[in-house]
Amino acid sequence: ATSADIIEQMDNKMKLIEKIFSVKNRKNHKIVHLLFFRMKFRQQVSNQELLNKINAILCNEEKIIGKLVETSKPKKGKAFLPFLSLHLVDKCNNNCESCSHFCTLADNFILNPSDYEKDLTILAHKFNVGEIDLMGGEPLLHPQIVKIFDITRRILPQTFICLHTNGILLTKMSDEFWEACRKNKIAFKITKYPVMKNFSEVVDLCLRNEIRIETLINGNEFLHWMDRSGNGQIEENFHACKSKFGCCYILRNSKLYTCPTACYMDYYNRYFNTELPVETGIDIIYSSPEEILNYLKTPLSCCRYCRNVNKLKRRPWKRSQRKIDEWEDAEA
């Protein structure tokens, strides 16, 4: 490339970067806000160094997971549920090896808005919900996603709502979708996988539509965490997951589950003809808030079929071949 081409490429890159980061000078350091990441640099850092760091994050070469939690203060008289997630659909368009939600093995479930409205209303009567993640599967595959947004914001007016997506379909979404995101104050969590070649275009699209990007997640590597022998340490594995991932509570068919693996183990058993423990979850209709919260902090029997996630090595992302060994960590 000629020097003129390089300058043009840099100019185009800077036009994008100028939209999404700001630098604040402090006495001894600089604070860079990038896509809601907050990074501290020494005061003398050069603009080129800043540009290189920003470009690395945009290209997802940096293994950074950023999170800025926005939760409303719990109202008196209600218990507090810090996090809730649910599948809008169980299928995904990315077909990842060792998916912790078993989406590669799932059926064609699509969340019924009426059923969802009933369940969410029940939870809202019992809890102040800090954050809710609308996910899957790939949630953008839901044909009535706008209606799901409207229901969620109406029932949970103070809750922080996130759409957790791989972003692949974002460039194909309608104006109605983007308007619904703005109206309902939907933030995005985007996992960038190696197959996503237009990442900068997707980021620019979100910004032009005034969408807050809450989290960027590097999807270049996955964990293989299962242990079919069932020799895992239940307490150790449970608390290791809590320390690494925090709350992963998930709603399915009027029941709450502690984690997606426990919630969707039936897909794994059905596909591979295994009999690993299937958790029953806790019924949100007939259980009290105290019973629900106690259940969610109690180790599960299926934890013995996992390994300690803090001791695992990440492996490169691959397409799933739907083989049982994909989920197994044979090296632990």
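Going by the structure above, here's the rest.
In this report, the structure presented in the accompanying data block is examined. (Residues numbered from 1 in each chain as written. Predicted model: local features only at pLDDT ≥ 70, side-chain atom pairs only at ≥ 80, totals over all residues. Heavy atoms only, no water.)

1. Description of the pairing of strand β7 (residues 186-192)
Cut-off, in case you're wondering: Accessible area is worked out with a 1.4 Å probe on protein chains only. A residue is then buried under 20% of its type maximum, exposed over 50%, and partly exposed in between. Put simply, DSSP marks the helices as runs of H or I at least four residues long and the strands as runs of E at least two long, and each gets a number from the N terminus on. Strand pairing is defined by DSSP finding a minimum of two bridges between the two strands. Crossovers are described as right-handed under a simple rule: with the strands pointing away from the observer, the path leading from the first strand over the helix to the second runs clockwise.
In terms of residue burial, β7 counts as a mostly covered element, since seven of its seven residues are buried. Strand direction decides the pairing type here: strand β6 (residues 160-165) and β7, joined by five bridges, are parallel. Residue pairing in the sheet places His 164 in a bridge with Lys 189 of β7. Of the crossover connections in this fold, the one passing from β6 over helix α5 (residues 175-183) to the parallel β7 is right-handed. Examined bridge by bridge, β7 and strand β8 (residues 213-218) share five bridges and lie parallel to one another. Across the sheet, the residue bridging to Lys 192 is Asn 218, located in β8. Once the chain exits β7 it traverses helix α6 (residues 199-208) before rejoining the sheet at β8, and the crossover so formed is right-handed.

2. Description of the environment of Asn 95
Our working rule: We call two residues in contact whenever any of their non-hydrogen atoms come within 4.5 Å of each other. N or O atoms within 3.5 Å of each other form a polar contact, as long as, within protein, one can give a hydrogen and the other can take it, and as long as residues adjacent in sequence are counted only when both atoms are side-chain atoms.
Its place among the elements puts Asn 95 in the loop between β4 (79-87) and α3 (113-126). The sequence separation of Asn 95 and Gly 137 amounts to 42 residues, and the corresponding C-alpha distance is 9.4 Å. What Asn 95 contacts, discounting residues up to four positions off in sequence, is Thr 104, Lys 318, Arg 319, Ser 320 and Arg 322. Looking at Asn 95, its side chain comes within polar contact range of the side chain of Arg 322, at 3.4 Å.

3. Points about the pattern of salt bridges
What counts, and what does not: The rule for a salt bridge is simple: a side-chain nitrogen of Lys or Arg has to be within 4 Å of a carboxyl oxygen of Asp or Glu.
Tallied over the full model, the rule gives 14 salt bridges. For Lys 183, the salt bridge is made with Asp 150, and the minimal N-O distance between the two is 3.2 Å. Here Lys 183 is found in helix α5, whereas its partner Asp 150 is found in helix α4 (residues 145-155), with 33 residues between them in sequence. You can call Asp 150 partly exposed: its relative accessible area is 28%.

4. Considerations on the packing of aromatic side chains
One pair of aromatic rings is described through two measures. These are the centre distance and the angle between the planes. Filter applied, for reference: Geometry of aromatic contacts follows a simple scheme: Phe, Tyr and Trp rings, the Trp one being its six-membered ring, pair when their centres are within 6.5 Å, and the pair is stacked under 30 degrees between planes, edge-to-face over 60, tilted otherwise.
According to the stated counting rule, one finds 14 aromatic pairs in the structure shown. Ring centres of Tyr 268 and Trp 327 lie 6.1 Å apart, and the angle between their planes is 85°; on these two criteria the pair is classed as edge-to-face. Within this pair, whereas Tyr 268 is found in helix α9 (residues 265-272), its partner Trp 327 is found in the segment after β13 (315-316), the two being separated by 59 residues in sequence. The class for Trp 327 is buried, based on a relative accessible area of 0%.

5. Let's talk about the sheet that holds strand β5 (residues 127-135)
Within the open sheet, the eight strands sit side by side as β8-β7-β6-β5-β4-β10-β11-β12. Their pairing is mixed. If you trace the sheet from one side to the other, it starts and ends with β8 and β12 (282-283), each paired once.

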